[in-house]
Amino acid sequence: MVDDVGVVREATPEHRPAFLELFFDLVFFLALIVLAADLSASLTWLAAAQTLIMFLAFSLVWALSAWVADTSDLNHPRGQVQVFWAMTGSLVMSAAVPEAFDGRGLIFAIGYLAIQLGSATYLLIAGRQQIVRIRNRRILFWASISGVAWLVGAFLPATPRTALWALAISIEYGAAAFGWPTPKLGHSVGWEWKLVGERVAERYRQILIVALGVSIFTAGLTLSPDNYTTYRVAAFGLAFAMAVLMWRIYIYRAGELLPDAIAASANPSRFGQFAAVSHLIMVAGLVLAAAGTTLVIDDPLHPAHPAWGAIMLGGTALFLVGRSLLAYTVFSRVSWTRPIGIILIGLLAPAIPVLPQFTVMAFITFILLAIALADSLNFGTRPGPAAPPHIRS
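Cut-offs applied
- Residues numbered from 1 in each chain as written.
- Predicted model: local features only at pLDDT ≥ 70, side-chain atom pairs only at ≥ 80, totals over all residues.
- Heavy atoms only, no water.
- Helix = DSSP H or I, 4+ residues; strand = E, 2+ residues; numbered from the N terminus.
- Expected span 1.5 Å × (residues − 1).
- Buried < 20%, exposed > 50% of the residue type's maximum accessible area, 1.4 Å probe, protein only.
- Contact = heavy atoms within 4.5 Å.
- Core = buried A, V, L, I, M, F, W, Y, C linked by side-chain atoms within 4.5 Å.
- Axes fitted to C-alpha atoms, helices over the stretch in contact; angles between N-to-C directions.
- Parallel < 35°, antiparallel > 145°, perpendicular 65-115°, else oblique.
- Nonpolar A, V, L, I, M, F, W, Y, C, P; charged D, E, K, R; others polar.
- Salt bridge = Lys/Arg side-chain N within 4 Å of Asp/Glu carboxyl O.

> Any chance you could explain helix 3 (residues 77-96) here in plain terms?
One full turn of an α-helix is made of 3.6 residues, so residues set three or four places apart face in the same direction. Taking 1.5 Å as the rise per residue, helix 3 with 20 residues should run 28 Å; its terminal C-alpha atoms sit 29 Å apart, in good agreement. Inspection of helix 3 places Gly79, Gln82, Val83, Ala86, Met87, Gly89, Ser90, Met93, Ser94 and Ala96 among the buried residues, and these make up the whole buried set. The elements touched by buried residues of helix 3 are helix 1 (19-41), helix 2 (45-69) and helix 4 (105-126).

> Would you mind showing me how to read helix 12 (residues 357-377) here?
With 21 residues, helix 12 should reach 30 Å at 1.5 Å per residue; the first-to-last C-alpha distance of 31 Å fits that figure. The complete set of buried residues in helix 12 reads Gln357, Phe358, Val360, Met361, Ile364, Thr365, Ile367, Leu368, Ile371, Ala372, Ala374 and Asp375.

> Looking at this structure, I do not really get the nonpolar core. What am I missing?
Across soluble globular proteins, you tend to see nonpolar side chains buried next to one another. Among the nonpolar cores identified, the biggest contains 105 residues, and Leu32, Phe108, Tyr112 and Trp150 are the most heavily contacted of them. Take this core: its biggest share by element is 13 residues, from helix 2. Residues contacting Phe108, with those up to four places away along its chain left out, are Met54, Ala57, Phe58, Met93, Ala96, Val97, Ala100, Trp150 and Trp165.

> It is not clear to me how the environment of Gly315 should be interpreted in this structure. Could you clarify?
Looking at where Gly315 falls in the secondary structure, it is placed in helix 10 (residues 306-331). Apart from residues lying up to four places away in sequence, Gly315 is in contact with Gly285, Leu288, Ala289 and Ala310.

> Where do I start with the packing of helix 10 against helix 12 in this structure?
Think of two packed helices as two axes; the pair is described by the angle between the axes and how far apart they sit. At a minimum axis distance of 11 Å, the contact between helix 10 and helix 12 shows a crossing angle of 10°. The pairing of helix 10 with helix 12 is recorded here as roughly parallel in orientation. Contact with helix 10, carried on its side by Trp308, Met312, Leu313, Thr316 and Leu320, involves Gln357, Val360, Met361, Ile364, Leu368 and Ile371 of helix 12 and no other residues of that element. The residue makeup of the contact of helix 10 with helix 12, split by class, is nine nonpolar, two polar and no charged.

> What is the right way to read the pattern of salt bridges from this model?
Opposite charge on two side chains allows them to pair when their charged atoms are near. Scanning the model with the defined rule gives four salt bridges in all. In this structure, the salt-bridge partner of Arg104 is Glu99, at a minimum N-O distance of 3.9 Å. Accessibility expressed as a relative area gives 33% for Arg104, which makes it partly exposed. Taking the relative accessible area as the measure of exposure, Glu99 reaches 33% and is therefore partly exposed.

So yeah, pure geometry; function would need other evidence.
So this is what it looks like as structure tokens:
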């Protein structure tokens, strides 16, 4: 049902992601590419922390837009305003990423706050349902608090800016985790969002595909057409193989059955939050891996640098951690292949100083292949999806 301004509707079982949301994903795709390129250009712990902060900012924009769209009529012009507004702000943020902790910090902060404050204000004014207005008042309250840290940080040098922006994004994620508790307004509860399991699950799977696309896209761009060598082409092949194997590991059972699991849960909203966290972790891992593979393709036989090793090994391990959390969310247990894969990746760390980048990447690909093969051998032996106890409550 569409209200009299065409902004909010009741969620229906037939609800699917709108084409406009796929359009929005293109902007997020650009943001991930820029983040991966920016990280590969400066392999330091400070740069990694800064990339994480910007990644969390983009991810929160995407997540809130995805959840808001679940009860918005995106076929109506007034329902489309928030999505286009978020897209515009995200483009501004993407353009500012390379110098977000230098000369363009204010541009990045303004772009981000324009999305958060502008979207909440618009939905507060346009939404006629009381629950929608209260929900956005809560979000606006916390975005205003964190906004002070974003703006003040934009005028500080790189290191204190990093610290203050880390505080700002922590405030926002902390508030979201507890339902944006606000004086006199309480906190949001799951039923306020009226999430549709199949639709939300499809959005999560789409963003995972976007992140995998970043790995392939950055690898293709790095393999320059005028500098084909045997090792560079082989490194590109490994990068593509890693992307394919990560897709296979993701989609096997848990990724495939996620819509049914959300629909079967007694608390779909809480279940969706756990699924969102697991996908956020996996996407972060894919961005790190994309930054690492770019450097391998550029110079396959270059000695592996500890910072590169941390990004490459950490990115793959992070993907497997997120995938394990998704499996636990859906099945209440984790396949033994993921933890073993994480341990094997960790065992590669001591060899980083003595091996070339290409060799390390080949070992990582082999570990992912072993996990995918183990999953295939176990096909048909696992139970259907079931919400774990801590989600049912």
